[in-house]
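Commentary on secondary and tertiary structure
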Amino acid sequence: MSRSEIAILGLGTMGAALARNIARNGFRLSVYNRHADKTRHFLDIYGAPNIQGAFSLEELVAQLERPRRLMLMVPAGNPVDAVIAQVCPLLDRGDIIIDGGNSHYTDTERRQSELANDGILLLGTGVSGGEAGALWGPSIMPGGPRAAYEAVAPIFEAIAAKAPDGQPCVTYLGDGGSGHYVKMVHNGIEYAIMQAIAEVYDLLTRVGGMSPLQQSAVFAEWNRAELAAFLVEITAHILATTDPDTGHPIVEVILDKAKQKGTGKWTSQEALDVGVAVPSITEAVEARILSGLKEERVLAAEHLAGPRPTPNEADGHRLVPTTRDALYAAMVVAFAQGMALLDRARTEHGYTYDLGDVAAIWRAGCIIRAALLEDIRAAYADEPTLVNLLLAPTFREALAERQHTWRETVHIAIRHGVPVPVLAASLAYYDGYRSEWLPANLIQAQRDYFGTHTFERVDEPGSFHFEWA
Ligand code: 6PG
């Protein structure tokens, strides 16, 4: 067989699925896993004339045409450094490593400069869509040297998901760690949307008195209109699923402690570092942390006063229409915050991606794919210098129309004692952003009072201190 066009290193769930996608699209592919059994298993099940297995890195490298293209599908962190250290001595100048995991963008930039000494190009590439996405078409977010991108573009374009207009969900995002940066923000938005959906489920359950199956029908219906989104679709499916062992809805036998691998937290940390407000994302991270305190919560539930949510006919009746609007609004706000962070990163880190292009490659394949991404893409196409997505005419109007019901949802939640951190934080962000005047004047006065930190005045330029005593 002639030399392979690309190698996949790491045949875990995502690596194996991506390898099958590449092979199905007719590319000559080599596969390698550090445990030979896994490679053999992959070849036994998915072997095809265009796939070669390799049982050492030397063998793998020898199977590749030049410039060699090696895609790492290994867990982020130390494993990426370890594989790079092993493979690097076997490579030549101009060869390309693609890191397809959720690496932190600063790690990617460090590795890029280390590898540049040997003339090896590293493309930090976000891949979203889980196993099914990797297999049938993920959204791909590559960043790094342009030459590296050009060398893999035909493969990426073939294997990527296709948006409704037929465009592949991949584009060159620019230098450095821009690809992993965009993927990090994608995940932050993912956290916010997931939590907002969970809050709606909580309200419909505890105040609406609706069973998971009844809610499934609601989410399925929402998924046919403006709320159409992968996360809404899978929620409808999850809520209709029964646990075969107990006969209960599966969602009710799953423990209420959310885990995380860290990408949502990274988004919040980064946003704090560069001074961009992303409260919906941060509240979603915080909600996962609070959920982890299960034992404490069980205790506190006995001791802390407050309304005990019980199904309430009048409010419950209102909740289906109001949560629909609140969820839509929260999704828009989560995207607005994510986009604001991506925008800031262009000045902070010198990234050059276009926000409309980012929205375009999120339209299919990835976890946050949603019908409204087409509106987001169009908003940036119409106005590339849009300062905040909320100001785009489409979203301005959409949120204006949903004002009342969005607030009503948060109202109902507060009255019944149901925590809705993301729905409420999204609304507070919206109200904060549209406030011409915020009480930050008092903050400035306090800062100056206790620490002579000075303030600016409304009537005169400059920096002032007041003698408070
Ligand atoms: C994707 C996902 C994926 C992520 C999981 C788990 O885009 O396919 O974002 O990359 O790893 O969603 O993330 P947490 O464990 O942090 O929830």
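Everything that follows concerns the structure shown earlier in this document.
Residues numbered from 1 in each chain as written. Predicted model: local features only at pLDDT ≥ 70, side-chain atom pairs only at ≥ 80, totals over all residues. Heavy atoms only, no water.

**Concerning the nonpolar core**
Counting residues in hydrophobic clusters, the biggest one holds 92 residues, and the most contacted among them are Tyr181, Leu327, Phe335, Leu342, Tyr353, Trp362 and Ile376. If one sorts the elements of this core by residue count, helix α15 (residues 313-349) sits on top with 17 residues. With sequence-adjacent residues up to four places away left out, Tyr353 is seen in contact with Leu173, Ser178, Tyr181, Val182, Leu342, Ala345, Arg346 and Val358. (Core = buried A, V, L, I, M, F, W, Y, C linked by side-chain atoms within 4.5 Å. Buried < 20%, exposed > 50% of the residue type's maximum accessible area, 1.4 Å probe, protein only. Helix = DSSP H or I, 4+ residues; strand = E, 2+ residues; numbered from the N terminus. Contact = heavy atoms within 4.5 Å.)

**Things to note about the pattern of salt bridges**
If the charged atoms of two oppositely charged side chains come close together, the side chains can form a pair. Going through the model one piece at a time under the given rule, you end up with 29 salt bridges. For Arg68, the salt bridge identified is with Asp92, shortest N-O distance 3.1 Å. Taken as a pair, Arg68 in the loop between α3 (57-62) and β4 (69-72) and Asp92 in the loop between α4 (78-87) and β5 (96-99) lie far apart in primary sequence, 24 residues in all. Residue classification places Arg68 among the buried residues on the basis of a relative accessible area of 6%. A relative accessible area of 31% means that Asp92 is categorised as partly exposed. We note a salt bridge from Glu374 to Arg377, for which the minimum N-O separation is 2.8 Å. Of the two residues, Glu374 and Arg377 both sit in helix α17 (residues 372-382), three residues apart, roughly one turn of that helix. (Salt bridge = Lys/Arg side-chain N within 4 Å of Asp/Glu carboxyl O.)

**Some words on the site of the ligand**
Taken together, 15 residues form the shell around the ligand, and within it Ser128, Lys183, Glu190, Tyr191 and Arg288 come nearest. The contact in question runs from an oxygen atom of the ligand to an N or O atom on the side chain of Lys183, over 2.8 Å. When isolated, the ligand has an accessible area of 410 Å², and the protein chains bury 80% of it. For the shell around the ligand, the element with the highest residue contribution is helix α8 (residues 178-206), accounting for five residues. Split by residue class, the shell around the ligand holds two nonpolar, nine polar and four charged. (Near = heavy atom within 4 Å. Polar contact = N/O pair within 3.5 Å; in protein donor to acceptor, adjacent residues only side chain to side chain. Areas by Shrake-Rupley, 256 points an atom, 1.4 Å probe, with all protein chains shown as cover. Nonpolar A, V, L, I, M, F, W, Y, C, P; charged D, E, K, R; others polar.)

**Regarding the environment of Met184**
Examined against the element boundaries, Met184 turns out to sit in helix α8. Accessibility expressed as a relative area gives 4% for Met184, which makes it buried. In this structure, the C-alpha to C-alpha distance between Met184 and Trp266, residues 82 residues apart in sequence, is 7.1 Å. Aside from chain neighbours lying at most four places away, what touches Met184 is Tyr105, Thr263, Trp266, Thr267 and Glu270.

**What about the side chain of Asp95?**
Topologically, Asp95 is positioned in the loop between α4 and β5. Asp95 sits in the buried class, given a relative accessible area of 2%. Side-chain polar atoms of Asp95 contact the side chain of Arg68, separated by 2.6 Å.

Everything listed here is a matter of geometry and, on its own, says nothing about what the molecule does.
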